Amino acid sequence: MIQVKRIGHATLQTPDIGRLVDYYTTILGFRVVARTEGQAILATGFGQEVVTLLRGETAGCIRLSMQLTPGSDLGEAAVALRAHGIDSQIETDPSPGLPAVLTFTDPKGTVIELFSDWKSTTTVPAEGGINPLKFGHVAFTVPDVQRIVDFYVRVLGFRVSDWMEDFFAFLRCGPDHHAVNFVRTPKTTLHHMAFELRDFAHVQTACDFLGVRDVPIIWGPGRHGIGHNVFIYHRNPDDQIIELYTQIDLMNEELGYFEPRPWHKDVPQRPKVWDRKSAMLTWGPPPTPEYLRSRE
Ligand SMILES: [Fe+2]
């Protein structure tokens, strides 16, 4: 059985690769670790690949990599996928940090790249930009949320952390409350990508950094109910929502509940179905129309 342990990097297709390279390097502070005419691979300050940009007609997230247990055999993962009727292919040396990936397409059309081992692309910490710690989660809109949740649970080993009513699912593959989200809309598309900051002070630094550069914050700062992360949202030059967050709930699998960071209204906080209002916010302003238009 396949058991994904964390999400790796997202591959974004974009009509203007230079504009996105500029955003991800000067605003988020990621570093270009490989560049060709139609492709750029970016990594965090300590060399973990987070975003690959590919030139294409339209903007969208076309691939998502996921890590299996280090040292695990991609051939065995291919056999496990075959048992679910899924064909997959091994690609070698796809990027500076990955020796090999096993690729297949999920039911919403995203190419999933499974890998077991990776290496850092740098030994020198990055300077400048907001400089998040990691790529924490990615959210997609889909017409049939239950169908894609079933696939991620049954085929990839994800666990359901929480539901917002019956239209918004939060799934984890490690200690973080969620690594992928699926929200119901008529169209299948990327909803947002989220990068983790160190702490609340780092969120403030990010607010000031965006403010000075006239990048509007479209929701936040606030603290969500589901996941309890402190968040701010803005848009990248391809009009995709980027979340910067800290203090997301961590699951204690042995005990079956989320550790308070620093507090919860439910004690202990276990996976459940939330109503929309308490799920969205424990405190902070309501979402702006500029945020909400991505779900319309
Ligand atoms: Fe999020």
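Residues numbered from 1 in each chain as written. Predicted model: local features only at pLDDT ≥ 70, side-chain atom pairs only at ≥ 80, totals over all residues. Heavy atoms only, no water.

Draft legend 1. Structural view of the overall build of the chain. From N to C terminus, the chain includes six helices and 19 strands. Relative to the compact-globule value of 19 Å for 296 residues, the chain shows a C-alpha radius of gyration of 18 Å, a close match. Viewed in the frame of its principal axes, the chain has a C-alpha envelope of about 45 × 40 × 40 Å. Per-residue burial over the chain gives 53% buried out of 296 residues. Taking the contacts inside the chain whose residues are at least 6 apart along the sequence as the reference set, 65% of them involve residues at least 24 apart. Counting only carbon and sulfur atoms, one obtains 54% of the accessible surface of the chain, whose full area is about 12600 Å². (Helix = DSSP H or I, 4+ residues; strand = E, 2+ residues; numbered from the N terminus. Rg over C-alpha atoms; globule rule 2.2 N^0.38 Å. Buried < 20%, exposed > 50% of the residue type's maximum accessible area, 1.4 Å probe, protein only. Contact = heavy atoms within 4.5 Å. Areas by Shrake-Rupley, 256 points an atom, 1.4 Å probe, with all protein chains shown as cover.)

Draft legend 2. Region of interest: the pattern of salt bridges. If you walk through the whole model with that rule in mind, you get 18 salt bridges. Measuring nitrogen to oxygen at the nearest pair gives 4.0 Å for the salt bridge that ties aspartate 16 to arginine 19. Aspartate 16 sits in the partly exposed class, given a relative accessible area of 34%. Judged by its relative accessible area of 38%, arginine 19 is partly exposed. Of the charged contacts, one joins glutamate 253 and arginine 172 as a salt bridge, the two residues approaching to 2.8 Å between their closest N and O atoms. Here arginine 172 lies in strand β11 (residues 168-172) and glutamate 253 lies in the loop between β17 (250-252) and β18 (257-259), a separation of 81 residues in the sequence. (Salt bridge = Lys/Arg side-chain N within 4 Å of Asp/Glu carboxyl O.)

Draft legend 3. Quick peek at the side chain of serine 116. Relative to the helices and strands, serine 116 resides in the loop between β8 (111-115) and β9 (134-142). On the basis of relative accessible area, serine 116 is assigned to the buried category, the value being 7%. Within the structure, the side chain of serine 116 is placed 3.0 Å from the backbone oxygen of serine 72, a separation counted as a polar contact. Excluding anything up to four places from it in sequence, serine 116 contacts Gln67, Leu68, Thr69, Pro70, Gly71, Ser72 and Leu74. (Polar contact = N/O pair within 3.5 Å; in protein donor to acceptor, adjacent residues only side chain to side chain.)

Draft legend 4. Main features of the side chain of arginine 223. Note on placement: arginine 223 falls in strand β14 (residues 219-223). Aspartate 249 provides the closest opposite charge to the buried, salt-bridge-free arginine 223, at an N-O distance of 6.5 Å. One polar contact links the side chain of arginine 223 to the main-chain carbonyl oxygen of histidine 228, over a distance of 2.7 Å. The contacts of arginine 223, once residues within four sequence positions are left out, are His228, Asn229, Val230, Phe231, Gln247, Arg261, Pro262, Met280, Leu281, Thr282 and Trp283. (Lys, Arg positive; Asp, Glu negative; His and termini not counted.)

Draft legend 5. The arrangement of the layout of surface pockets in detail. In this structure, the largest pocket encloses a volume near 330 Å³. For the largest pocket, the lining is made up of 17 residues, of which Lys187, Thr189, Leu190, Asp239 and Ser294 are closest to its centre. Listed by contribution, the elements that provide at least two residues to the lining of the largest pocket are β5 (60-67) and β13 (189-196). Per element, the largest residue contribution to the lining of the largest pocket is three residues, and it comes from β13. A breakdown of the residues in the lining of the largest pocket according to their chemical character gives four nonpolar, seven polar and six charged. Mapping the lining of the largest pocket onto the domain boundaries places at least three of its residues in each of domain 1 (6-115) and domain 2 (134-295). Here the second largest pocket is characterised by a volume of approximately 200 Å³. In terms of lining, the second largest pocket is formed by 17 residues, of which the most central are Arg6, Ile7, Lys134, Gly136 and Asp176. Only β1 (6-14), β4 (49-55) and β9 provide two or more residues apiece to the lining of the second largest pocket. When the residues that make up the lining of the second largest pocket are grouped by side-chain class, the tally is six nonpolar, five polar and six charged. When residues of the lining of the second largest pocket are sorted by domain, at least three fall in each of domain 1 (6-115) and domain 2 (134-295). (1 Å grid on protein atoms, 1.4 Å probe; cavity = no way out; pocket = protein on both sides within 12 Å on 5 of 7 lines; lining within 4 Å. Points joined across faces, edges and corners; volume = space filled by probe spheres on them. Nonpolar A, V, L, I, M, F, W, Y, C, P; charged D, E, K, R; others polar. Domains from an automatic or database assignment.)

Draft legend 6. Examining helix α3 (residues 145-156) more closely. Compared with the 16 Å implied by 1.5 Å per residue over twelve residues, the 16 Å span of α3 between its first and last C-alpha is a close match. Looking at where α3 begins, the residue whose side-chain oxygen comes 3.4 Å from the main-chain nitrogen of glutamine 146 is aspartate 144. Glycine 157 sits one or two residues past α3 and shows a positive phi near 80°. (Expected span 1.5 Å × (residues − 1).)

Draft legend 7. Representation of the sheet that holds β1 within the structure. In space, the eight strands of this open sheet follow the order β2-β3-β4-β1-β5-β8-β7-β6, with mixed pairing throughout. For this open sheet the edge positions go to β2 (31-36) and β6 (89-95), each flanked by a neighbour on one side alone. On average, each strand axis in the sheet is tilted by 25° relative to the strand beside it, whichever way the strands run. (Pairing = 2+ DSSP bridges. Axes fitted to C-alpha atoms, helices over the stretch in contact; angles between N-to-C directions.)

What is shown is where atoms sit, not what they do.
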